[in-house]
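Working through the structure, step by step
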Amino acid sequence: MKVKTLAAVAAIMISSGVQATDYFFGSVTNTQVNDVNGVAAGAFIDNLFFSITLPSIGTGVLSDVFVNAPSMPLFDITGLSANLWADLGTIGTVDASDILLLPLGSGDYIQGSGLLVTGDYYFQLTGTGAGALGGQYFYNAAAVPVPEPTSWAMLLAGLGLVGLQLRRMSRGGRTLAT
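The following paragraphs examine the structure supplied in this document. (Residues numbered from 1 in each chain as written. Predicted model: local features only at pLDDT ≥ 70, side-chain atom pairs only at ≥ 80, totals over all residues. Heavy atoms only, no water.)

**Points about the overall build of the chain**
Assigned secondary structure in the chain consists of 3 helices and 11 strands. From first element to last, N terminus to C terminus, the chain shows the α and β order α-β-β-β-β-β-β-β-β-α-β-β-β-α. Counting every position in the chain, which comprises 178 residues, the buried fraction comes to 33%. For the chain, the computed accessible surface area is about 10,200 Å², with 64% contributed by carbon and sulfur atoms. (Helix = DSSP H or I, 4+ residues; strand = E, 2+ residues; numbered from the N terminus. Buried < 20%, exposed > 50% of the residue type's maximum accessible area, 1.4 Å probe, protein only. Areas by Shrake-Rupley, 256 points an atom, 1.4 Å probe, with all protein chains shown as cover.)

This is the structure we're talking about:
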């Protein structure tokens, strides 16, 4: 991550009095991360940092965990939203025009998926803990490497050779069971 970007995010959070937590996952290529995080009452910004080491198909789900007591909500988040940011030379919200990622949006349940190129990223989650005990959210993110063209070529060549051998055997009157 660029130091200037992290410093700017930290300065904004400190000056606004918003609670903030950073989580670092390292490389999430071919892995999955998930957890339930709690936030105190009031506005929050959580950053979930990760890296992609191979071009990957990424998916993510974010959900408000609402817990209600008989007379009031104990845990609730209002205005829950998520943005995916990339550090690929320019910083900004990643959308379909940047790296083919579907917009995540906002609400009680958010999901998105798309192609992630090699680089550093972070999800920035914002909202307000509105329950008597604050709020909780659940997230699940996964990345699976996209096969390289040579892998597809080897697969197709192998299938072609199997098909050719089956054709030769059927013309010669032999079967696979001999």
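**Looking at the sheet that holds strand E2 (residues 31-39)**
Spatial strand order, E2-E11-E4-E9: 4 strands in an open sheet with antiparallel pairing. Edge positions in the sheet fall to E2 and strand E9 (109-116), since each has one partner strand and no second. Put simply, the sheet's adjacent strands are angled 10° from each other on average, direction ignored. As defined by bridge partners, strand E4 (residues 56-64) adjoins E9 across 8 bridges and the pair is classed as antiparallel. (Pairing = 2+ DSSP bridges. Axes fitted to C-alpha atoms, helices over the stretch in contact; angles between N-to-C directions.)

**Re the environment of Ala 20**
Within the secondary structure, Ala 20 sits in strand E1 (residues 19-27). Residue Ala 20 is classed as partly exposed on the basis of its relative accessible area, which comes to 36%. Each C-alpha atom of the pair Ala 20 and Ala 43 lies 8.9 Å from the other, and the pair is 23 residues apart in sequence.

**Considering a nonpolar patch on the surface**
The grouping of Trp 152, Leu 155, Leu 156 and Leu 159 at the surface amounts to a nonpolar patch, some 450 Å² of accessible area in total. Position of Leu 155 among the secondary structure elements: in helix H3 (residues 149-171). Take Leu 155: its relative accessible area is 44%, and that puts it in the partly exposed class. (Patch = residues over 30% accessible without salt bridge, like charges linked within 9 Å, V, L, I, M, F, W, Y side chains within 5 Å. Salt bridge = Lys/Arg side-chain N within 4 Å of Asp/Glu carboxyl O.)

**A few points about the side chain of Asp 64**
For Asp 64, the location among the structural elements is in strand E4. For Asp 64, a relative accessible area of 11% gives the class buried. At a separation of 3.4 Å, a polar atom in the side chain of Asp 64 contacts the main-chain amide nitrogen of Ile 77. For Asp 64, the residues in contact, after removing those within four places along its chain, are Asp 76, Ile 77, Leu 80, Asp 108 and Gln 136. (Polar contact = N/O pair within 3.5 Å; in protein donor to acceptor, adjacent residues only side chain to side chain. Contact = heavy atoms within 4.5 Å.)

**Here's the deal with the nonpolar core**
If you look at the biggest cluster of nonpolar residues, it comprises 22 residues, and the most contacted ones within it are Phe 50, Ile 52, Leu 62, Tyr 121, Leu 125 and Tyr 137. Mapped by element, the contributors of at least two residues to this core are E2, strand E3 (42-52), strand E7 (77-87), E9, strand E10 (119-129) and strand E11 (135-145). Top element by residues in this core is E7. It accounts for 5 residues. With residues up to four places along the chain from it excluded, the contact list for Leu 62 reads Leu 80, Ser 81, Ala 82, Asp 108, Tyr 109, Ile 110, Leu 125, Tyr 137, Phe 138 and Tyr 139. (Core = buried A, V, L, I, M, F, W, Y, C linked by side-chain atoms within 4.5 Å.)

**Structural notes on the environment of Ala 143**
Assignment of secondary structure puts Ala 143 in strand E11. On the basis of relative accessible area, Ala 143 is assigned to the buried category, the value being 2%. For the pair Ala 143 and Ile 52, spaced 91 residues apart in sequence, the C-alpha separation works out to 8.1 Å.

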